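Descriptive structure summary
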Amino acid sequence: MSDNKNNPNEVSDTGHEWDGIRELENPPPRWWTISLYLSGLFVLVYFILYPSIPLVTGSTKGLLGWTQIKEYHRGLEEIQAVRAPFEDRLAEMTAQEILEDDEMRNYVIASTRVLYGDNCAACHGVGGQPVPGSGYPILNNDDWLFGGTIDKIVETLAGGRAGMMPAHANLLTEEETDKLVKFVIDASNGEATEAGWKLYNEKGCFACHGADGKGNQMLGAPNLTDRIWRFSGEPDEVRRTIMHGVNDASDPRTRIAIMPAFNERLAVKLEAEEFGDDPEDYFDGTETERLTETEIKKLAVFVHQFGGGQ
Amino acid sequence: MTDPENKSSISTIDIYEDVSDWDVNAGGNKVVAKRMTGRFRNLKWFGMSVWLIYFLGPYVRWDGQQAVLFDIPNRQFHFFNVTVYPQDIWMLSLTLLFFAILLAAVTSIAGRVFCGYFCFQTVWTDVYTWIETRLEGDTPQKAMKFKSAPLSAEKIGRITLKHSLWLIIAMLTGLSFAAWFTDAFQLWKDYFTLQAAMPAWIVLAMFTAGTYVFAGFMREQVCFWLCPYARLQSVMYDQDTLLPAYDAERGEPRGKLKKGQLDSGKGSCIDCRMCVAVCPTGIDIRKGQQEGCITCGMCIDACDTIMEKTNQPKGLVRYASYKELHHNHDSAPVFKRPRVMIYGLILMISFGGVVYGFMNLSPTEFHVVPERQPLFVQLSDGSIQNKYTLRLLNKTQHPIEVQYRISGLEGATLHGLDDLVHIEPGRINQLTAFVRVEEDAVNQAISPLVFTADVINGPDIQIRYESMFMGPN
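Predicted model only: the values in this text are computed from it and were never measured. (Residues numbered from 1 in each chain as written. Chains lettered and ligands numbered in written order. Predicted model: local features only at pLDDT ≥ 70, side-chain atom pairs only at ≥ 80, totals over all residues.)

What about the overall build of chain B?
To keep things clear, this is the line we draw: Only DSSP runs of H or I covering at least 4 residues are called helices, and only runs of E covering at least 2 are called strands; the numbering of each starts at the N terminus. Burial in this document is a count-based property: other C-beta atoms within 10 Å of a residue's C-beta are tallied, and the residue is buried at 20 or more, exposed at 12 or fewer, or partly exposed in between, with C-beta positions derived from the backbone. Any residue pair is listed as a contact if its two C-beta atoms, each placed from the backbone, are within 7 Å.
Tallying secondary structure elements over chain B gives 17 helices and 16 strands in all. Residues classed as buried in chain B amount to 27% of the 473 residues present. Excluding contacts between residues fewer than 6 apart, the proportion of contacts in chain B whose partners are at least 24 apart in sequence is 68%.

Structure (C-alpha cells):
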C-alpha cells in the first residue's frame, strides 16, 4: 500500500486516455488483493469439503460428507432428546395420571397437535368439531356415545367402535315412521308427547336408547333427549337413520359409522386387565398397532381436553 | 476565448494537480501521534474513564445478586431492583432510539463528539498507542529508529511486553463483555477452571481477537474505512455545527519563524506541523474538514501551546462553526435550529417513554386467547361453550396465588378454574378455561367478556383482560 502514489503525474499509465483522463496503473490496496485471494481459497476449500460440483447423476460428495438430510436428522435427534424425558415419563404414566399432572398435561396438549392432525382431524376436525353434516361425532362437547371418561376414550381409541342401529324399514309402517321422526325431533327439544313415548316403547326403541331416551353408552346408543345430533336433526335425515339403521349389513342404504382401532393389542390388554387376567393369555398375535400405547394415551388426553372430557 | 477542447484539458490538469495534493490514508504509513497535555486531552481522559463502568459494572451487587445482568437463557434483564422481561422489549427500542438520536443531536451541535472522546475504537486505540509510545518512542522518528535498530534482548523484551499488555487488555475486554450476561465471579472461575460454556469462550475469543487487531493494528483505518458511524455522522453537520477548525484567514499565508521571530507579512501559522504530529488519524486540520477528523481536539491543544510560546493569541485552531469562519457571525443558538429542536423533541419523547415504562412496569402479563377452531360448541343441554387459553406471567420476585373470575356477560359461568392457581416468580402459567352461556341468553355473535385474575396473597394488583364470547347468529 505504501507504494501507492497519489500524485497522478508520478504514476505510469496504461496508455488509455479519454479527454485527458488517463487510466493509471495504481494497484488495488494490498488488503483488498489479499481478501480476493483468501475468498478464492475459501471457495476452493468449500468445494473440497462440501457437495459442490453437479455431475450427471448426483454431485461430488465433499470430504465432510455433509448432506441436508443428515442435518435434518441431527436436528430431529436434538428435538427428540429434549422431548425424551417427557416421553419416557409418559410411557410410565396412565392417561388418568397424565391428566392430573399439570406439567405433563400441558406438554401433551402442546405436543400432540400433529399426531391428532395426522390420525384424527380428517374425520373429527382440527378442533374436535367435524364439518357440519359430515356425520362424524363431535369431540369437543359433553355428549359421548361410548363414554367421555379418560379411560373410555383410551378404550375407544385402542379398540375402535362401531354403531349398531338396526334398519327398521321392514318393521315400521309409513305412518309409524312419520310419528317416530317427529317424536325424535320433539324429544331433542324437550317437547315429546305421551303418544310419542308410547310408540317409542312399543317399537322397542327403549331396548337400546333406554326407557328415558337417554341412550346407553355400553352400546354406543345416543341420548335422544339432548340437543346434540349424532347425524342430523333434519326430518329426512332422521327418517333415513330410523329406516336404514347404522352399520346394518342387510341394508345397502344404511349409515356407516365406524371408528377404526388404533391399537388392538392395547384394547386386548385393557380387556384382560379388566378381568384381572394376564394379557399374554389373550393375545392371538393378529392384533394391529397403528399407534403406540403412549401415542394413544397422548391422544386420549388431547381429546379429553377439547372441552367435553368427563 | 479558448476552444472547448483546450478548456477541457486545462480542467483535467487542474483535477490532477488537485489530486496530487490529496493524501489518502490507507494505512501505508503508521501514524505515531505525539502526545501533549491540554484541555482536550483532559476531556478525552475523562470521556475514556466512562469505559471503566464497562469493566467494573458486572461486579456491582444488589440484593446479593448482580446489579445489572442480561440473563439471556432465562429471558430476563435485571437492572438493580427491576426485572425486565421480553414483553417489555419496547423499552429497549426506546432506549436505543434515545441513544441514536442523542448521537445525532450531539453531532449536529458539536460534531463527532462520540468519535473523539467515547468511541471504543478511539479509546482502546488511545490506550494501545499510549503503551506503544512508552515502549517504542513517541515520535515517528523515534519509532522508526526503534524499528530499524538491530535485534537485541531489550528490543525483543519491549516488543514482547507491548503485545502481552495488548493481549491482557483484549482478554479483559472480552471477559468483561461476557460478564454482563452471566454471573461475573462465577465466570472468572469458569474461565480459569476451563469450565466456561461455549458461548463464553466464543465471546472471549472474538473480543480478544477483535480488540487486539482493531486497536493494535488497524486503528484509524477502522474509522476511515470500516466505521459506518463515521460516514453517517459527517452528514449530520450543518453550517452551525461546532468543529475543530483552522482559522485560515488568520493563519495564512503560513511561514516559519525567522531567527526565532515571527515573519512579518505572514499569518499566525508558523507551519510547525504540531497539529499534524498529534493527530491520532494523521490528518492535517489546516486542509479543512475531512472524513479522517474524529474531532478529538488534540490539534487544538497542540496549536494553543505553540501560540502561547510564540506570544500569539490562542485559537488559531479551535472549535468553530462554518458560519463563524466564513461568514463572520456566530452560529445560531441551539433553540433556533429546527434540526436540533426536532432531535430534542424525539429525545424527550423516547426518554419519557422509558421513564413511563419503568414507573408502570406491570408486575404480571396476562393474556386470554379464545379458541378459534371451533369458535363455539353447543352442549347437550343446548348451552353454548367457548374455550379459552389463559396465560399469566408472574414478573414479581415472589410466588403469587391467583383466583380467576369473569364479568361483563349476563348468565356466563366459568368452568375449569375453580382452584387457586400458584405461579412461581418468572414463570408463565397456562390454563384452559371454558365459559358457558344458556342458549337463550346468547343473542349476538360476539359479546364482550372480561377475565380478571385476583392476586390473593400479594399486593392489590388489578389484572384484567378484555376478551369476547362467540355464539351462533
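What about the overall build of chain A?
Helix and strand counts for chain A stand at 14 helices and four strands. Residue pairs in contact within chain A that sit at least 24 positions apart in sequence constitute 56% of those at least 6 positions apart.

Observations regarding the sheet that holds strand 4 (residues 76–79) of chain B
Residue and element names in this part refer to chain B. Short version of the rule: Two strands pair if DSSP finds at least two bridges between them. Axis definition: a line fitted to C-alpha atoms, limited for helices to the stretch in contact. Angles are taken between N-to-C directions and run from 0 to 180 degrees.
Taken in spatial order, the three strands line up as 3-4-5 in an open sheet, and their pairing is antiparallel. Both edges of this open sheet fall to strand 3 (68–71) and strand 5 (82–84), since each of them pairs with a single strand only. For this sheet, the mean angle separating the axes of adjacent strands, direction not counted, is 15°. As judged from the three bridges shared by strand 4 and strand 5, these two strands associate in the antiparallel manner. The residue of strand 5 that forms the bridge with phenylalanine 77 is valine 84.

What to know about unusual backbone geometry
At the junction of B:Glu252 and B:Pro253, the peptide bond is cis and its omega measures out at -10° in the coordinates. That bond from B:Gln373 to B:Pro374 is cis: its omega, 5°, falls within 30 degrees of zero. Position of B:Pro374 among the secondary structure elements: in the loop between strand 8 (364–370) and strand 9 (377–378). Phi is positive for A:Asn247, which is not a glycine, with a value near 55°. Phi at B:Arg273 takes a positive value of approximately 60°, unusual for a residue other than glycine. Secondary-structure assignment places B:Arg273 in the loop between helix 13 (248–251) and helix 14 (274–278). By C-beta crowding, B:Arg273 is classed as partly exposed, having 13 other C-beta atoms within 10 Å.

Considerations on the sheet that holds strand 11 (residues 400–407) of chain B
Residues and elements named next belong to chain B. Pairing is antiparallel in the open sheet, where four strands are placed in the order 13-11-15-16. Strands at the two margins of the open sheet, each flanked by one partner only, are strand 13 (421–423) and strand 16 (462–470). Sheet twist, expressed as the average angle between the axes of neighbouring strands with direction ignored, equals 35°.

Notes on the environment of B:Lys34
All names here are of chain B. For lysine 34, the position within the fold is in the loop between helix 1 (4–21) and helix 2 (39–49). Classification of lysine 34 as partly exposed rests on a count of 15 C-beta atoms within 10 Å. As for lysine 34 and proline 140, which are separated by 106 residues in sequence, their C-alpha atoms are 8.3 Å apart. For lysine 34, the contacting residues outside a window of four places in its chain are Asp138, Thr139, Ala277 and Val278.

Here's the deal with the nonpolar core
Note the threshold: Here, a nonpolar core means buried Ala, Val, Leu, Ile, Met, Phe, Trp, Tyr and Cys residues linked by C-beta atoms lying within 7 Å of one another.
In terms of nonpolar packing, the biggest core is built from 40 residues, with B:Cys275, B:Val278, B:Cys299, B:Cys303 and B:Val317 touching the most fellow members. Secondary-structure elements contributing two or more residues to this core are helix 5 (113–118), helix 6 (120–136), helix 8 (153–179), helix 10 (198–218), helix 11 (220–226), strand 6 (243–246), helix 14 and helix 15 (298–309) of chain B. Per-element accounting of this core gives the leading share, five residues, to helix 15 of chain B. Setting aside chain neighbours within four positions, we find B:Val278 in contact with B:Ala33, B:Lys34, B:Met36, B:Met298, B:Cys299 and B:Ala302. Of all hydrophobic cores here, the second largest spans 26 residues; its members include A:Ala95, A:Tyr107, A:Leu266 and A:Val301.

Some thoughts on the packing of helix 4 (residues 89–110) of chain B against helix 17 (residues 338–359) of chain B
All names here are of chain B. Keep this limit in mind: Roughly parallel refers to an angle under 35 degrees, roughly antiparallel to one over 145, roughly perpendicular to one between 65 and 115, and oblique to any angle outside these ranges. A clockwise turn of the near helix away from the far one marks a right-handed crossing, whereas an anticlockwise turn of less than a right angle marks a left-handed crossing.
At their nearest, the axes of helix 4 and helix 17 sit 9 Å apart, and the two run at 155° to each other. Between helix 4 and helix 17, the interaxial angle falls into the category roughly antiparallel. The handedness of the crossing between helix 4 and helix 17 comes out as left-handed. For the pair helix 4 and helix 17, the contacting residues are Met91, Leu94, Thr95, Leu97, Phe98, Ile101, Leu102, Ala104, Ala105, Ser108 and Ile109 in the first and Arg339, Val340, Tyr343, Gly344, Ile346, Leu347, Ser350, Phe351, Gly353, Val354 and Gly357 in the second.

Re helix 7 (residues 150–159) of chain A
Residue and element names in this part refer to chain A. The element helix 7 is largely enclosed, with a buried count of eight among its ten residues. Of the residues making up helix 7, those classed as buried are Ile150, Ile153, Val154, Glu155, Thr156, Leu157, Ala158 and Gly159. The inward-facing, buried residues of helix 7 contact helix 3 (95–100), strand 3 (161–162), strand 4 (258–259), helix 12 (264–274) and helix 14 (293–304). The first or second residue beyond helix 7 is glycine 160, which carries a positive phi of 75°.

Describing helix 11 (residues 235–244) of chain A
Residue and element names in this part refer to chain A. Formally: Here the arc refers to the directions that run from the helix axis out to each C-beta atom.
Of all the positions in helix 11, only Val238, Thr241 and Ile242 are classed as buried. Taken end-on, helix 11 shows its buried residues confined to a sector of 95°, consistent with a single buried face. Tucked into the core, helix 11 has its buried residues touching helix 8 (174–188). Backbone geometry just downstream of helix 11 places glycine 245 in the positive-phi region, at approximately 70°.

Quick notes on the packing of helix 2 (residues 68–92) of chain A against helix 14 of chain A
All names here are of chain A. The test is simple: Charged means Asp, Glu, Lys or Arg here, nonpolar means Ala, Val, Leu, Ile, Met, Phe, Trp, Tyr, Cys or Pro, and polar covers whatever is left, Gly included.
At a minimum axis distance of 9 Å, the contact between helix 2 and helix 14 shows a crossing angle of 90°. As the angle between them shows, helix 2 and helix 14 are arranged roughly perpendicular. Taking contact as the criterion, the partners of Glu87, Leu90 and Ala91 in helix 2 are, on helix 14, Thr294, Lys297 and Lys298. For the contact of helix 2 with helix 14, a count of residues per class yields two nonpolar, one polar and three charged.

Some details on the confidence of the model for chain B
The test is simple: Within a predicted model, pLDDT stands for the predictor's per-residue confidence, ranging from 0 to 100.
Here chain B averages 88 in pLDDT, and 97% of its residues register 70 or above. As a predicted assembly, this complex carries a pTM of 0.65 together with an ipTM value of 0.75.

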